[in-house]
Amino acid sequence: DGINWHVNSVGMTMLRIPVGSFVRKNSRGFDDVIDQTVTLTRPFLLADREVSRAQFQQFIDDPDYPRAEKPKDWSGASVTYSPTEQHPVQMVSWYDAVLFCNWLSLQEELMPCYKRTGEKETINNQEYDAWQLIPEANGYRLPTEAEWEYACWAGTVTTFSHGDEESLLDRYAVYSSSRTELPGSKLPNGWGLFDVHGNVYEWCQDWYAGYDSEKSLTDPTGPAQGKGRVLRGGSFYSLAQNARSAYRLYLYPDYRYNPYGFRAARTYR
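Small disclaimer: the values here were computed from a predicted structure and weren't measured. (Residues numbered from 1 in each chain as written. Predicted model: local features only at pLDDT ≥ 70, side-chain atom pairs only at ≥ 80, totals over all residues. Heavy atoms only, no water.)

**Thoughts on the overall build of the protein**
Condition: Secondary structure elements are taken from DSSP: a helix is a run of H or I of four residues or more, a strand is a run of E of two residues or more, and numbering for both begins at the N terminus. Each radius of gyration is computed over the set of C-alpha atoms, and the globule rule expresses the reference value as 2.2 Å times the number of residues to the power 0.38. The buried label applies to any residue whose accessible area, calculated with a 1.4 Å probe on protein chains only, is under 20% of its type's maximum; exposed applies above 50%, and partly exposed to all values in between. By definition in these notes, contact holds between two residues if any of their heavy atoms fall within 4.5 Å.
Within the protein one finds 3 helices and 14 strands. For a compact globule of 269 residues, the expected C-alpha radius of gyration is about 18 Å, and the protein comes in at 17 Å, within 12% of that figure. The buried share among the 269 residues of the protein stands at 54%. Residue pairs in contact within the protein that sit at least 24 positions apart in sequence constitute 71% of those at least 6 positions apart.

**Some details on the pairing of strand 6 (residues 114-123)**
Rules: When DSSP locates at least two bridges between a pair of strands, those strands are taken to pair.
Direction of pairing for strand 6 relative to strand 7 (residues 126-133): antiparallel, over a ladder of 7 bridges. When the sheet's bridge partners are listed, Tyr114 is paired in strand 7 with Leu133. As consecutive antiparallel partners, strand 6 and strand 7 are separated by 2 residues, and within that stretch Asn124 has a phi angle of approximately 50 degrees, a positive value.

**Some points on a nonpolar patch on the surface**
What counts is decided by this rule: Patch membership requires more than 30% relative accessible area and the absence of a salt bridge. Residues of like charge join within 9 Å; the nonpolar side chains Val, Leu, Ile, Met, Phe, Trp and Tyr join within 5 Å. All accessibility values rest on the Shrake-Rupley procedure with a 1.4 Å probe; residue burial counts only the protein chains present in the view. What makes a salt bridge here is a side-chain nitrogen of Lys or Arg within 4 Å of a carboxyl oxygen of Asp or Glu, nothing more.
On the surface, a nonpolar cluster with roughly 410 Å² of combined accessible area is contributed by Tyr237, Tyr252, Tyr255 and Tyr257. In this structure, Tyr255 sits in the loop between strand 12 (248-251) and strand 13 (260-261).

**Topic: the pairing of strand 11 (residues 229-232)**
Of the two faces of strand 11, the one holding Arg229 and Leu231 and the one holding Val230 and Arg232 are both buried throughout. As defined by bridge partners, strand 9 (residues 201-207) adjoins strand 11 across 3 bridges and the pair is classed as antiparallel. Within strand 11, the position partnered with Trp207 by the bridge is Arg229. Relative to strand 12, strand 11 is paired through 4 bridges, and the arrangement is antiparallel. Considered in strand 12, the bridge of Leu231 is made with Leu249.

**Brief notes about the layout of surface pockets**
Applied cut-off: With a 1 Å grid spanning the protein atoms alone, the term cavity applies to any set of points in which a 1.4 Å probe fits but cannot get out, the term pocket to an open set with protein on both sides within 12 Å along at least five of seven lines, and the term lining residue to any residue with an atom within 4 Å of a point. Grid points are joined across faces, edges and corners, and a volume is the space filled by probe spheres set on the points. Here the term charged refers only to Asp, Glu, Lys and Arg, the term nonpolar to Ala, Val, Leu, Ile, Met, Phe, Trp, Tyr, Cys and Pro, and the term polar to all other amino acids, Gly among them.
Estimated volume of the largest pocket: approximately 630 Å³. Leu133, Thr144, Gln205, Thr221 and Gly222 are the residues nearest the centre of the largest pocket, which is lined by 31 residues in total. Counting only elements with at least two residues in the lining of the largest pocket, the list comes to strand 6, strand 7 and strand 9. Along the lines of polarity and charge, the residues of the lining of the largest pocket split into 15 nonpolar, 8 polar and 8 charged. Considering only enclosed or pocket space, the second largest pocket measures out at about 460 Å³ in volume.

**Things to note about the sheet that holds strand 2 (residues 13-17)**
Which entries qualify depends on this criterion: Only C-alpha atoms enter the line fits that serve as axes; for helices the fit covers just the stretch in contact. Angles between N-to-C directions range over 0 to 180 degrees.
Ordered in space as 1-2-5-14-8, the 5 strands form an open sheet in which the pairing is antiparallel. Two strands in the sheet have a free side with no partner beyond their single neighbour: strand 1 (5-7) and strand 8 (140-141). Looking at chain direction, strand 2 and strand 5 (residues 44-47) are connected through 4 bridges and run antiparallel. Paired with Ile17 across the two strands is Phe44, which belongs to strand 5. Of the strands in this sheet, strand 2, strand 5 and strand 8 touch helix 3 (residues 145-153), which is tilted by about 70 degrees from strand 5.

**Quick notes on the pattern of salt bridges**
Counted according to the given criterion, the structure contains 13 salt bridges. Salt-bridge contacts for Asp129 lead to Arg116; the nearest nitrogen and oxygen are separated by 2.8 Å. In this pair, Asp129 sits in strand 7 while Arg116 sits in strand 6, placing the two residues 13 residues apart along the sequence. You can call Asp129 partly exposed: its relative accessible area is 27%. Owing to a relative accessible area of 32%, Arg116 belongs among the partly exposed residues under this scheme. Across the pair Arg263 and Glu202 runs a salt bridge whose closest N-O atoms are separated by 2.8 Å.

**Observations regarding the nonpolar core**
For soluble globular proteins, nonpolar side chains are generally found buried alongside one another. Inclusion rule: What we call a nonpolar core is a set of buried Ala, Val, Leu, Ile, Met, Phe, Trp, Tyr and Cys residues that are connected through their side-chain atoms within 4.5 Å.
One finds Met12, Phe56, Val89, Phe100, Leu142, Trp203 and Phe262 to be the most contacted residues of the largest nonpolar core, which totals 41 residues. Those elements that provide at least two residues to this core are strand 5, helix 1 (53-61), helix 2 (94-107), strand 6, strand 9 and strand 12. Broken down by element, the residue count for this core peaks at 9 residues, all from helix 2. Beyond its immediate stretch of four places on either side in the chain, Phe56 contacts Val51, Pro71, Trp74, Val89, Val92, Asp96, Phe100 and Phe262. Phe44, Leu46, Trp148 and Cys152 belong to the second largest nonpolar core, which has 20 residues in total.

**Describing the environment of Asn258**
Residue position: Asn258 is located in the loop between strand 12 and strand 13. Measuring from C-alpha to C-alpha, the distance between Asn258 and Cys101 comes to 20 Å, with 157 residues separating the pair along the chain. Among residues more than four places away in sequence, those in contact with Asn258 are Ser78, Tyr81, Gln90, Met91 and Phe236.

What follows is the structure in structure tokens.
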């Protein structure tokens, strides 16, 4: 139909990201190329900006949604770092983001992407439900690390999606700052995605591990287990080098902290 975007029931603008390939770069270096081509063979939908406090609070406040399917002991986003409801939600864990995605899927009568395996995983000496991604589901989920990185590059091969010039970064990113800014307050990348550099780090689907040694990968979803879950994009408090398109971070999936949020994705069907 030629339309590559739509606005969903909670006001997210979802962009259709086309199929394609990119070459991974060393996340710790600046120009070191890892000789690995990553190809994505399926288009996907990705929110053009990070989930806001208001959107996440709608999930928390839903009176008809089971308490057992909401985050436990969530004390809310920090108003110091996200002062209004339209600022990005933060202080959310990977588990919190997964629960939100399932809620949003059910709101729109879509098949949820996550189900409990019935097993537990131990994180920081505490047990949590282990979650499984359902590949055939059409609901909301976190982007895979490959999807996130591909969307961030937006066809570029430079340090940032706008080029190599750090001097221009403040036009595209909230970084080296004392708090977040409204999502979309900076310029978008070439595919219309805001805040892929800075504002809040964004949880991805994948477990973290070293890069696979294969020369090429197709539709990778990351290792079966790892040291933590991947975060991407840098945050308001990051230095410029941590907002690079190639930069990776990982943390335990139960970790809640001021600069960590997310954006939603969907498999395009």
